[in-house]
Structures are given as C-alpha cells and as structure tokens.
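Commentary on secondary and tertiary structure
Listed here are the chains, written in short residue letters.
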Amino acid sequence: MVYRGSEAAPAGRVAEERRGRKVGRFCLSCGSVYPLFQLRHRGKPSFGKDHVSSTCAHEGQVFEAGADWWQPAVEVLPPAAQPES
C-alpha cells in the first residue's frame, strides 16, 4: 500500500487566511483527494491510498453540491511571517 500525501485539506478545516486555490474534492470518509474533473467518487484518487482493502462507503456516488461527506480540497498556505519587534 502506498500513501501519497499532499498539502491539501478540506476547506472547512483550514483557516480562511491559509486557504489557497482549490485542488480537488476531499472525501471526509476516506481522507482522499479526487480531481476536480472527476464527477464521481471512484477510481484512484489524486492523493490518498492507492489500495484500500475495504472501499469507502461513498464509492460510486456523485460529488453533489451540499453533500455532507465531501468538501472542496484547498492548498494549505504557510503561516504569515510574524513581524520582528
């Protein structure tokens, strides 16, 4: 099993000032990021586990707006530099 990490996180869990551009769709159940062009939760994610012994409960579902099982995946920006005093 290979885990490919990213600097992406669900938009709802990242402070507003640290959110970058949208990079995909983050499944809150399996923790994987799926590409924006992919309309369904299936196949290999952009970032996440390549091989899963038990599939996600949302496998095959459409990424519908307002669904509670996924959020947009955004880049996590580095913290702002603190001014020297």
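Please refer to the structure higher up on the page.
Conventions used here
Residues numbered from 1 in each chain as written. Predicted model: local features only at pLDDT ≥ 70, side-chain atom pairs only at ≥ 80, totals over all residues. Heavy atoms only, no water. Pairing = 2+ DSSP bridges. Helix = DSSP H or I, 4+ residues; strand = E, 2+ residues; numbered from the N terminus. Contact = heavy atoms within 4.5 Å. Phe/Tyr/Trp six-rings, centres within 6.5 Å; stacked < 30°, edge-to-face > 60°. Buried < 20%, exposed > 50% of the residue type's maximum accessible area, 1.4 Å probe, protein only. Lys NZ or Arg CZ within 6 Å of the ring centre and 35° of its normal.

**Notes on the sheet that holds strand β3 (residues 19–27)**
The four strands lie next to each other as β2-β6-β3-β4, forming an open sheet whose pairing is antiparallel. Each edge of the open sheet is held by one strand with a lone partner, namely β2 (8–10) and β4 (33–34). Sheet analysis places β2 next to strand β6 (residues 70–76), joined by three bridges and oriented antiparallel. Paired with Ala-8 across the bridge in β6 is Glu-75.

**Some thoughts on the environment of Leu-36**
Within the fold, Leu-36 resides in the loop between β4 and β5 (48–49). When the C-alpha atoms of Leu-36 and Ser-46 are compared, they prove to be 9.8 Å apart, with 10 residues separating the residues in sequence. The residues contacting Leu-36, other than those within four sequence positions of it, are Lys-22, Val-23, Gly-24 and Arg-25.

**Thoughts on the packing of aromatic side chains**
For any two aromatic rings, the description comes down to two numbers: the centre-to-centre distance and the angle of the planes. Inspection of every chain in the model, using the stated rule, returns three aromatic pairs. With centroids separated by 5.9 Å and ring planes inclined at 45 degrees, the aromatic side chains of Tyr-34 and Phe-63 adopt a geometry described as tilted. Residue Tyr-34 is located in strand β4, and its partner Phe-63 is located in the loop between β5 and β6; the two are separated by 29 residues in the primary sequence. With relative accessibility at 9%, the residue Phe-63 sits in the buried group. In this structure an aromatic cluster arises from ring pairing among Tyr-34, Phe-63, Trp-69 and Trp-70. Over the face of the ring belonging to Trp-70 we find Arg-25, whose NZ or CZ atom lies 5.7 Å from the ring centre.

Any functional reading would require information beyond the geometric quantities listed.
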